[in-house]
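# Structural overview
Letter by letter, the chains look like this.
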Amino acid sequence: MSSATGGGTGGRDERLRELVRVAMALACAAYAGVLLIAAVTLPDRVPIHFGPGGEADRIVGRQEALVTFAVLGLGIAVLMVGLARWMRRAPLTMVNVPHKDWWTATRRYRPGTVS
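Heads up: these notes are all about the structure in this document. (Residues numbered from 1 in each chain as written. Predicted model: local features only at pLDDT ≥ 70, side-chain atom pairs only at ≥ 80, totals over all residues. Heavy atoms only, no water.)

Looking now at helix 2 (residues 62-89). With 28 residues, helix 2 ought to run about 40 Å at 1.5 Å a step, and its terminal C-alpha atoms sit 41 Å apart, in line with that. Those residues of helix 2 lying buried are A65, L66, G73 and A77. (Helix = DSSP H or I, 4+ residues; strand = E, 2+ residues; numbered from the N terminus. Expected span 1.5 Å × (residues − 1). Buried < 20%, exposed > 50% of the residue type's maximum accessible area, 1.4 Å probe, protein only.)

Let us look at the pairing of strand 2 (residues 56-61). Relative to strand 2, strand 1 (residues 45-50) runs antiparallel, the two sharing 5 bridges. Bridge pairing in strand 2 places H49 opposite R58. Connecting strand 1 to the next strand, strand 2, in antiparallel fashion are 5 residues, including G54 with a positive phi near 95 degrees. (Pairing = 2+ DSSP bridges.)

Here the focus is the pattern of salt bridges. For the structure on display, the rule yields 4 salt bridges. Linking R58 and E64 is a salt bridge whose minimum nitrogen-to-oxygen distance equals 2.6 Å. Here R58 falls in the partly exposed class, since its relative accessible area comes to 41%. For E64, a relative accessible area of 38% puts it in the partly exposed group. (Salt bridge = Lys/Arg side-chain N within 4 Å of Asp/Glu carboxyl O.)

Structure follows, in structure tokens:
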């Protein structure tokens with residue numbers, strides 16, 4: 001039965017994708033909120049890197065720290081979205097997990113079934 005007629009897992013997959021989209025949007029909004037709070041509360045000079053002994057070895061101004069945090073957050077968000085999109089198209093030969101046959105045996109890939 002196809003997902004258009006109510007069977008299959010198409011509806012569940014779409015709901016899961018929508019949940020992931022909402023979770024990502026909420027995480028990005030929370031990060032933006034933290035950046036706004038940091039813009040108000042950070043001191044004029046902010047340590048952004050620490051050496052192996054725990055001492056600050058790079059101290060920058062508030063504006064540079066905020067730009068650094070924003071660029072890092074944006075970069076991580078873009079990386080996560082890009083990986084999620086790529087994983088949907090990645091060939092199953094790239095899956096490297098124990099019991100690979102079990103993980104890749106979805107209805108879509110089982111021989112002799114109609115998807």
